[in-house]
Amino acid sequence: MRATSISSRAVVTLLLGTAILSPAFQAKAAPGDKPDAQGQKVVKRVEQLLRATIKNQDGSPLAISLTPTSKAAQGFLSDVRISGGATQLKSLFVSEFQLHAQNVQVDVPSLWSEGKVRTKRAQTQLRVVITEQDLTRMLANSKSTKDMDLKVKYVGDKMHITGKLNYAIVNGPVSGYARLRQTSDHNVYLDILSLQLRGIEAPGFIKNQLSSRINPVIKYSSVPFNPPFRTLKVVGNKAILST
């Protein structure tokens, strides 16, 4: 299976599975599953890189639990749990992050040669909540949109976006509507449905240019342990992405 890299109140809720981080279930490694010295180094390195990639915004320690197997030296972990409140995963700002992965195998060489956790296989459940404020902050921190002062607000199953364009030829205040869409490769895009520039509907090439700057809103490769996103729907003021 291709290895992928983890590279990031109510806009997006990603719900993957039903038994996510249940306090009643605490996986423990049996004595025969204890890793050797090299396995312990692998586990320590995985945790170190996860903590460097996913952080609580207030600086408090992120809750991470890794349950190794006797083959941890080859990258095998039986259980991985990560949880946090206001959390940042690279450019992805969220108000809640909970992940549960089982039967995990990571690519061991890349832990040291690239400084990345690359997942060879995993059965992953994930819950992430992204608020309007989170998404606005994400756009403000993106290199391609940080100078556009974009603001996001949910309206039904759509999103109202305001800001300003400052392209070389086209510039001025914009206001429009967009809708979230999950792609076949598990990324999340924001489709521009309408866009007014200075009060007049903008031509297609301007909409396409803005779309290319924004998307993808959520990169599948940025989320740890390959969560298999499949469906996306809007419920109230939340968009739900689930398996």
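One structure accompanies this document, and this report is about it. This structure is a prediction, so every number in the text was calculated from the model and none was measured. (Residues numbered from 1 in each chain as written. Predicted model: local features only at pLDDT ≥ 70, side-chain atom pairs only at ≥ 80, totals over all residues. Heavy atoms only, no water.)

**Some thoughts on the overall build of the protein**
If you tally the helices and strands in the protein, you get four helices and 16 strands. Within the protein, the fraction of its 243 residues that count as buried is 49%. Summed over all atoms, the accessible surface of the protein reaches about 11,900 Å², with 51% contributed by carbon and sulfur. (Helix = DSSP H or I, 4+ residues; strand = E, 2+ residues; numbered from the N terminus. Buried < 20%, exposed > 50% of the residue type's maximum accessible area, 1.4 Å probe, protein only. Areas by Shrake-Rupley, 256 points an atom, 1.4 Å probe, with all protein chains shown as cover.)

**Details of the nonpolar core**
V46, I82, F97, L165 and F225 are the most contacted members of the largest nonpolar core, which has 59 residues in total. If near-sequence neighbours (up to four positions away) are discounted, V46 is found in contact with L66, L77, V106, L111 and V117. (Core = buried A, V, L, I, M, F, W, Y, C linked by side-chain atoms within 4.5 Å. Contact = heavy atoms within 4.5 Å.)

**Overview of the pattern of salt bridges**
Taken as a whole and judged by the stated rule, the model has eleven salt bridges. Between D149 and K151 there is a salt bridge, with its nearest N and O atoms 2.4 Å apart. Residue D149 is classed as partly exposed on the basis of its relative accessible area, which comes to 44%. Classification of K151 by relative accessible area gives partly exposed; the value is 40%. It is possible to trace a salt-bridge network through shared partners that takes in D157, K158 and R179. (Salt bridge = Lys/Arg side-chain N within 4 Å of Asp/Glu carboxyl O.)

**Notes on a nonpolar patch on the surface**
On the surface, V155, Y177 and L193 cluster together into a nonpolar patch covering about 240 Å² of accessible area. Mapping V155 onto the fold places it in strand β10 (residues 151-155). (Patch = residues over 30% accessible without salt bridge, like charges linked within 9 Å, V, L, I, M, F, W, Y side chains within 5 Å.)

**Focus: the sheet that holds strand β6 (residues 87-89)**
Spatial strand order, β3-β6-β7: three strands in an open sheet with antiparallel pairing. Each having just a single partner strand, β3 (54-56) and β7 (92-94) make up the two edges of the open sheet. Adjacent strand axes in the sheet meet at a mean angle of 20°, parallel and antiparallel pairs treated alike. Packing against the sheet, helix α1 (residues 37-53) makes contact with β3 and β6, and its axis sits at approximately 60° to β3. (Pairing = 2+ DSSP bridges. Axes fitted to C-alpha atoms, helices over the stretch in contact; angles between N-to-C directions.)

**Some points on the pairing of β10**
Only one face of β10 is buried: it carries V152 and Y154, and the other face, with K151, K153 and V155, is open. Judged from the five bridges that link them, β10 and strand β11 (residues 158-166) form a sheet pairing that is antiparallel. Within the sheet, the bridge partner assigned to Y154 lies in β11 and is M159. Between the end of β10 and the start of β11, which pair antiparallel, lie two residues, with G156 showing a positive phi angle near 65°.

Just geometry here; none of it tells us what the structure is for.
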